[in-house]
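Examination of the molecular architecture
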Amino acid sequence: MSKQLCRINQVLTVMMALIVVPCSTTRLIPEGQYLLKDVDINIDNPDVSKSDLEDYLVQKPNDNVIGLWIYNWSGADTSKWINRQIRKIGSAPVIYNQASSNQSAEELNMALKNKGYLNAEVTVSDTTYDKKAEVTFDIQTHDPHRIREYTVDFPNDQAESTVARWRAANRSVIDSAAILDLDMLETERGNITQLLRNL
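Residues numbered from 1 in each chain as written. Predicted model: local features only at pLDDT ≥ 70, side-chain atom pairs only at ≥ 80, totals over all residues. Heavy atoms only, no water.

Some details on the overall build of the protein
The number of helices and strands found in the protein is seven helices and three strands. Counting helices and strands in the order they occur from the N terminus, the protein gives α-β-α-α-α-α-β-β-α-α. For the protein, with 199 residues in total, the buried portion stands at 30%. Considering only intrachain contacts with a sequence separation of at least 6, the fraction spanning at least 24 residues in the protein is 67%. (Helix = DSSP H or I, 4+ residues; strand = E, 2+ residues; numbered from the N terminus. Buried < 20%, exposed > 50% of the residue type's maximum accessible area, 1.4 Å probe, protein only. Contact = heavy atoms within 4.5 Å.)

Examining the pattern of salt bridges
One pass over the structure, following the stated rule, counts five salt bridges. Measuring nitrogen to oxygen at the nearest pair gives 3.3 Å for the salt bridge that ties Glu31 to Lys131. Of the two residues, Glu31 sits in the loop between helix H1 (3-20) and strand S1 (35-43) while Lys131 sits in the loop between strand S2 (121-129) and strand S3 (132-140), which places them 100 residues apart along the sequence. Exposure remark for Glu31: the relative accessible area of 70% places this residue in the exposed category. Across the pair Lys115 and Asp181 runs a salt bridge, and its minimum N-O distance is 3.5 Å. Placement of the pair is Lys115 in the loop between helix H5 (98-114) and S2 and Asp181 in the loop between helix H6 (157-168) and helix H7 (182-197), with a sequence separation of 66 residues. (Salt bridge = Lys/Arg side-chain N within 4 Å of Asp/Glu carboxyl O.)

A few points about the nonpolar core
Nonpolar side chains in soluble globular proteins generally cluster together in the buried interior. Grouped together as the largest cluster of nonpolar side chains are 18 residues, with contacts concentrated most on Leu53, Leu108, Leu112, Val122, Phe137 and Ile139. Elements with a contribution of two residues or more to this core: S1, H5 and S3. Contact partners of Leu112, with chain neighbours within four places excluded, come to Val48, Leu53, Tyr117, Ala120, Val122, Ile139 and Thr141. (Core = buried A, V, L, I, M, F, W, Y, C linked by side-chain atoms within 4.5 Å.)

Some thoughts on the sheet that holds S1
What the three strands build is an open sheet, ordered S1-S3-S2; its pairing is mixed. Two strands lie at the open edges of the sheet, namely S1 and S2, each paired on one side alone. Strand-to-strand twist across the sheet, computed as the mean angle between neighbouring axes with direction ignored, equals 15°. Sitting on the sheet, H5 touches S2 and S3, and the angle it makes with S2 is about 155°. (Pairing = 2+ DSSP bridges. Axes fitted to C-alpha atoms, helices over the stretch in contact; angles between N-to-C directions.)

Observations regarding the pairing of S3
Across the two faces of S3 the burial differs, with Ala133, Val135, Phe137 and Ile139 buried and Lys132, Glu134, Thr136, Asp138 and Gln140 not buried at all. As paired strands, S1 and S3 are joined by eight bridges and run parallel to one another. Within S3, the position partnered with Asp38 by the bridge is Glu134. As judged from the nine bridges shared by S2 and S3, these two strands associate in the antiparallel manner. Note that in S3 the partner of Thr123 across the bridge is Asp138. Hairpin connection from S2 to S3: two residues lie between these consecutive antiparallel strands, with Asp130 at a positive phi of about 45°.

Some details on the environment of Leu118
Tracing the backbone through its elements, the reader meets Leu118 in the loop between H5 and S2. Separated by 24 residues in the primary sequence, Leu118 and His142 place their C-alpha atoms 8.4 Å from one another. Among all residues touching Leu118, those that are not within four sequence positions of it are Lys113 and His145.

Side note on the layout of surface pockets
By volume, the largest pocket is sized at about 270 Å³. Taken together, 13 residues line the largest pocket, and the ones lying closest to its centre are Asp47, Val48, Ser49, Lys115 and Asp181. Looking at the lining of the largest pocket, the elements that each hand over two or more residues are helix H2 (50-53) and H5. Class assignment of the residues belonging to the lining of the largest pocket gives a composition of seven nonpolar, one polar and five charged. If you add up the space inside the second largest pocket, you get close to 150 Å³. As for the second largest pocket, its lining consists of Thr25, Leu35, Leu36, Lys37, Pro61, Asn62, Val65, Leu68 and Lys132. At three residues, the largest contribution of residues to the lining of the second largest pocket is made by S1. Its residues placed into classes, the lining of the second largest pocket shows five nonpolar, two polar and two charged. (1 Å grid on protein atoms, 1.4 Å probe; cavity = no way out; pocket = protein on both sides within 12 Å on 5 of 7 lines; lining within 4 Å. Points joined across faces, edges and corners; volume = space filled by probe spheres on them. Nonpolar A, V, L, I, M, F, W, Y, C, P; charged D, E, K, R; others polar.)

Read these as spatial facts, not as claims about activity.
Below, the structure written as structure tokens:
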């Protein structure tokens, strides 16, 4: 049998197994552990992007539900070829880890502080049922810290006048009463550095 026919036969065997074996997304979850089903962020400030904060989550649910189903169609005995093939096609379940949730809360808190919300509070809670876990992060940002004024030390008068003209042309990303955003400050620093290099 050619390699191509052998490959086709293997694929057909896997497909047949997927058809006849019942599916459950938690079938292979060990006792005492939970599939991370959902993670939600509740924030009291519409000015803060929830989608941006999701980047700081250490653990997220499976984003490929079909892949998760396929993975769980496999048997527990990984010494069998068919089970290994099914698992390669599918996506392994994300097992809820409380330490990861606590780390996510710390990462979210640090991200908010970097955005100027120095008094932000992040609390995490979880709900478990039927070998599934749902995690919720509740965030209170409180009022942000704002920039009253800031100064830059220049090496000479030429550099100072150059930056003054640059600011007058509204090219600065920082203005009076702006939120103390460390990313914006870093952008401003980089822009001024590049400007002075061109002198």
